[in-house]
Amino acid sequence: MSTASKLRVAFVHPDLGIGGAERLVVDAALGLQALGHCVDIYTSHHDEKHCFDETRDGTLRVHHVVPPFPRAWRGKFHILFAHARQLHLTKFLLSSCMDKHDVFFVDQLSTCIPLLRLLGGKRVVFYCHFPDKLLANGAFVEGRVQKRSGGILKRIYRYPMDWLEEVTTRQADIILANSKFTARVTMAYFTSLKTTPKVVYPGINVQAYETPVDMTDPDIAQVISLRPTLLSLNRFEMKKNAALAVEAFSRLRGRPTVPNDIRLVLAGGYDPRLEDNIRTLNNLIDLARTHNLTFKLITPSKSSACVPSFPDATPHTEPDVLFLLNFTTGQRSALLQASSTVALLYTPANEHFGIGPVEGMLCGLPVLACDSGGPMESIIDSPSSERTGWLRAPDPSVWADTLEDICQLSEAERAALTRRCRDRARAIFGMEAMAKAIDVSLREAVHMGAVHAPVNAIGFILAFVVGFMAAI
């Protein structure tokens with residue numbers, strides 16, 4: 001370790017895009033830097049036109065190690081290639097970076113953990129977003145028996161992947177989780193884990209959401225409107241269930257107590273390489289057509305993603321539904337801070353944590369989310385005197401009724417709600433609180449001392465690597 005007060009921390013993250021997990025990594029790195037630590041981020045994918053500003057403007061040191069493996073083969077074998085890409089990244093770390101760092105912070109993929117510990121001799125803190133074995137079988141619902149989906153070949157394929165995930169996860173010196181929900185589910189399905197993961201809630205950079213935006217920026221000008229706006233921030237993935245927002249919006253429009261010019265903005269990460277993203281966007285467009293909603297698609301000027309062409313997209317600047325693909329930090333802040341934004345809609349059910357509700361609360365917005373998963377911990381629904389948002393079943397009619405209630409809030413009610421939202425977000429979900437909690441875990445891992453690898457563990461690793469690479 002370099003000094004008693006400063007650690008050299010290496011983050012290992014598979015794909016540094018613009019999702020919630022990536023936002024957590026960026027904010028955790030920023031928070032640790034602010035505490036005086038030396039931070040480097042290693043990743044197998046980093047597109048400077050599809051990433052958070054801090055990862056391309058020099059605020060954070062990002063090392064993009066390009067792998068020889070694709071993300072998938074004909075839309076299949078995503079997890080197999082994800083492991084292969086991380087093994088390639090791990091090889092780079094073991095060969096050139098081990099002396100530069102005191103401890104590793106790994107998230108999402110646990111493949112590298114035993115290699116970094118036993119071959120690299122470094123302690124590892126693993127941040128668990130949610131077990132991949134549960135995500136691979138479709139939407140996870142707590143309390144429901146999780147059955148393996150697909151045919152016999154997929155089950156054969158998934159079995160070693162799921163086993164590998166559990167075996168490598170338990171090798172971490174310290175395991176963190178993003179919510180009590182995730183910690184509880186992880187213990188239930190990773191039965192070999194001996195200790196319940198410590199909960200460290202994702203934190204956000206408060207200052208970034210309170211900094212005034214440049215309204216002369218053309219990218220911001222194209223998303224801001226005086227029309228009352230319902231906002232949804234989520235990647236264009238099926239599991240995020242943005243269709244719920246479209247369905248609820250279609251039921252809300254036309255009600256006498258709701259402004260007749262209300263609009264819906266669906267903003268999120270879109271990657272044309274991913275079949276799920278393409279299919280989700282097409283389905284949402286079809287849904288808008290079904291409800292006779294005009295729509296338009298836009299991307300920031302510097303985005304590398306091409307806007308898909310839809311002949312019936314409106315040429316006008318004010319559609320009923322605006323699809324914003326790969327928003328910038330400025331566009332996100334402008335939409336969240338706009339006085340015309342009525343509410344934030346967070347549509348995923350059984351979400352592991354969900355940074356969206358926290359972003360909305362920090363900006364003083366009423367938040368409507370599903371009554372399951374992480375939002376149950378971030379949002380207070382009752383009593384009404386302490387409310388910071390609404391938790392409702394993912395039913396379009398129920399959501400439309402709740403949105404109507406939100407539209408009818410008086411100025412005094414909205415002001416009180418805004419104050420409660422901001423106070424809760426700053427106190428519990430700020431970047432400083434997260435950074436301090438991670439700092440404690442990193443120091444605890446380092447103070448465990450040197451890693452001693454038993455002979456059988458090294459043999460296991462060598463057999464695993466050789467067998468895995470042979471499989472590829």
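Here the structure is shown first, and the text comes after it.
Keep in mind that this is a model prediction, so the values were computed, not measured. (Residues numbered from 1 in each chain as written. Predicted model: local features only at pLDDT ≥ 70, side-chain atom pairs only at ≥ 80, totals over all residues. Heavy atoms only, no water.)

## Describing the overall build of the protein chain
Along its length, the protein chain carries 17 helices and 14 strands. For 472 residues, the compact-globule formula gives about 23 Å, and the C-alpha radius of gyration of the protein chain, at 22 Å, lands near that figure. The principal-axis extent of the C-alpha atoms belonging to the protein chain is close to 75 × 50 × 45 Å. Residues classed as buried in the protein chain amount to 56% of the 472 residues present. Nonlocal contacts in the protein chain, meaning residues at least 24 apart in sequence, comprise 69% of its contacts between residues at least 6 apart. Carbon and sulfur atoms make up 55% of the accessible area of the protein chain, which totals about 19900 Å². A gap of 6 Å separates the mean positions of the 51 positive and 48 negative side-chain charges of the protein chain. (Helix = DSSP H or I, 4+ residues; strand = E, 2+ residues; numbered from the N terminus. Rg over C-alpha atoms; globule rule 2.2 N^0.38 Å. Buried < 20%, exposed > 50% of the residue type's maximum accessible area, 1.4 Å probe, protein only. Contact = heavy atoms within 4.5 Å. Areas by Shrake-Rupley, 256 points an atom, 1.4 Å probe, with all protein chains shown as cover. Lys, Arg positive; Asp, Glu negative; His and termini not counted. Charge placed at Lys NZ, Arg CZ, Asp CG, Glu CD.)

## Some thoughts on the environment of Thr 314
Mapping Thr 314 onto the fold places it in the loop between strand S10 (295–298) and strand S11 (321–325). For Thr 314, a relative accessible area of 12% gives the class buried. Considering only alpha carbons, one finds Thr 314 and Ile 406, 92 residues apart in sequence, at a separation of 28 Å. Filtering out sequence-adjacent residues up to four positions away, Thr 314 remains in contact with Thr 294, Phe 295, Lys 296 and Pro 319.

## Some points on the sheet that holds strand S5 (residues 123–128)
Strand order in the open sheet made by the seven strands is S3-S2-S1-S4-S5-S6-S7, with parallel pairing throughout. Strands with a single pairing partner mark the edges of an open sheet, and in this sheet they are strand S3 (61–64) and strand S7 (198–199). Sitting on the sheet, helix H1 (residues 20–34) touches strand S1 (8–13), strand S2 (38–43), strand S4 (103–107) and S5, and the angle it makes with S1 is about 175 degrees. Against the sheet, helix H2 (residues 78–96) makes contact with S1, S2 and S4, and its axis sits at roughly 140 degrees relative to S2, the strand it touches most. (Pairing = 2+ DSSP bridges. Axes fitted to C-alpha atoms, helices over the stretch in contact; angles between N-to-C directions.)

## As for the packing of helix H9 (residues 243–252) against helix H10 (residues 275–290)
Relative orientation of the contacting elements H9 and H10 amounts to 10 degrees, with a least axis distance of 10 Å. By the angle between their axes, H9 is roughly parallel relative to H10. Contacts between H9 and H10 involve Ala 243, Val 246 and Glu 247 from the first element and Leu 284, Leu 287 and Ala 288 from the second. Across the contact of H9 with H10, the residue classes tally to five nonpolar, no polar and one charged. (Parallel < 35°, antiparallel > 145°, perpendicular 65-115°, else oblique. Nonpolar A, V, L, I, M, F, W, Y, C, P; charged D, E, K, R; others polar.)

## Focus: the sheet that holds strand S8 (residues 229–233)
Paired through their backbone hydrogen bonds, the strands of a sheet run either parallel or antiparallel. One open sheet holds the seven strands; their spatial order is S10-S11-S9-S8-S12-S13-S14, and the pairing between them is parallel. Two strands in the sheet have a free side with no partner beyond their single neighbour: S10 and strand S14 (390–392). Taken pair by pair, the neighbouring strands of this sheet meet at an average axis angle of 20 degrees, ignoring direction. Bridging between strand S12 (residues 341–346) and strand S13 (residues 367–370) involves three bridges; their strand directions are parallel.

## Observations regarding the packing of aromatic side chains
According to the stated counting rule, one finds 13 aromatic pairs in the structure shown. Among the aromatic residues, those joined into a cluster by ring pairs are Phe 236, Tyr 270, Phe 295, Phe 310 and Phe 323. Seen from the ring of Phe 52, Arg 23 lies directly overhead, with NZ or CZ sitting 4.5 Å from the centre. (Phe/Tyr/Trp six-rings, centres within 6.5 Å; stacked < 30°, edge-to-face > 60°. Lys NZ or Arg CZ within 6 Å of the ring centre and 35° of its normal.)

## A closer look at the environment of Val 246
Inspection of the secondary structure assignment puts Val 246 in helix H9. Considering only alpha carbons, one finds Val 246 and His 291, 45 residues apart in sequence, at a separation of 8.8 Å. Discounting chain neighbours no more than four positions away, the residues touching Val 246 are Leu 264, Leu 266, Leu 284, Leu 287, Ala 288 and Leu 293.

## Notes on the pairing of S4
Burial analysis of S4 places five of its five residues in the buried class, which makes it a mostly covered element. Here S4 shows no split at all, with Val 103, Phe 105 and Asp 107 on one side and Phe 104 and Val 106 on the other all buried. Note that S1 and S4 share four bridges and pair parallel. For Ala 10, the partnering residue across the bridge sits in S4 and is Phe 104. Judged from the five bridges that link them, S4 and S5 form a sheet pairing that is parallel. Residue pairing in the sheet places Val 106 in a bridge with Phe 126 of S5. Regarding topology, helix H3 (residues 113–119) serves as the crossover connection from S4 to the parallel S5, and that connection is right-handed. (Right-handed = clockwise from strand over helix to strand, strands pointing away.)

## A closer look at helix H14 (residues 396–407)
With twelve residues, H14 extends 16 Å between its outermost C-alpha atoms, agreeing within 8% with the 16 Å of an ideal straight helix rising 1.5 Å per residue. All buried positions along H14 are accounted for by Trp 399, Ala 400, Thr 402, Leu 403, Glu 404 and Ile 406. If you follow the buried residues of H14, they end up packed against S8, H9, S12, S13, S14 and helix H15 (411–429). Its side-chain oxygen at 2.8 Å from the backbone nitrogen of Ser 397, Asp 395 defines the N-terminal cap of H14. (Expected span 1.5 Å × (residues − 1). Polar contact = N/O pair within 3.5 Å; in protein donor to acceptor, adjacent residues only side chain to side chain.)

## A word on the nonpolar core
Counting residues in hydrophobic clusters, the biggest one holds 67 residues, and the most contacted among them are Leu 230, Phe 323 and Leu 403. The greatest single-element share of this core, amounting to six residues, is contributed by H9. Leave out the neighbours within four places in its chain, and Leu 230 touches Phe 249, Leu 252, Ile 262, Arg 263, Leu 264, Val 265, Val 342, Ala 343, Leu 345 and Leu 403. One finds Met 431, Met 434, Leu 442 and Ala 445 within the second-largest nonpolar core, a separate group that totals 29 residues. (Core = buried A, V, L, I, M, F, W, Y, C linked by side-chain atoms within 4.5 Å.)

## Brief notes about H10
If you check H10, its first and last C-alpha atoms are 22 Å apart, about what 16 residues at 1.5 Å a residue would give, namely 22 Å. Turning to H10, the residues buried within the fold contact H9, strand S9 (263–268), S10 and S11. Positive phi appears at Asn 292, one or two residues downstream of H10, with a value of about 55 degrees.

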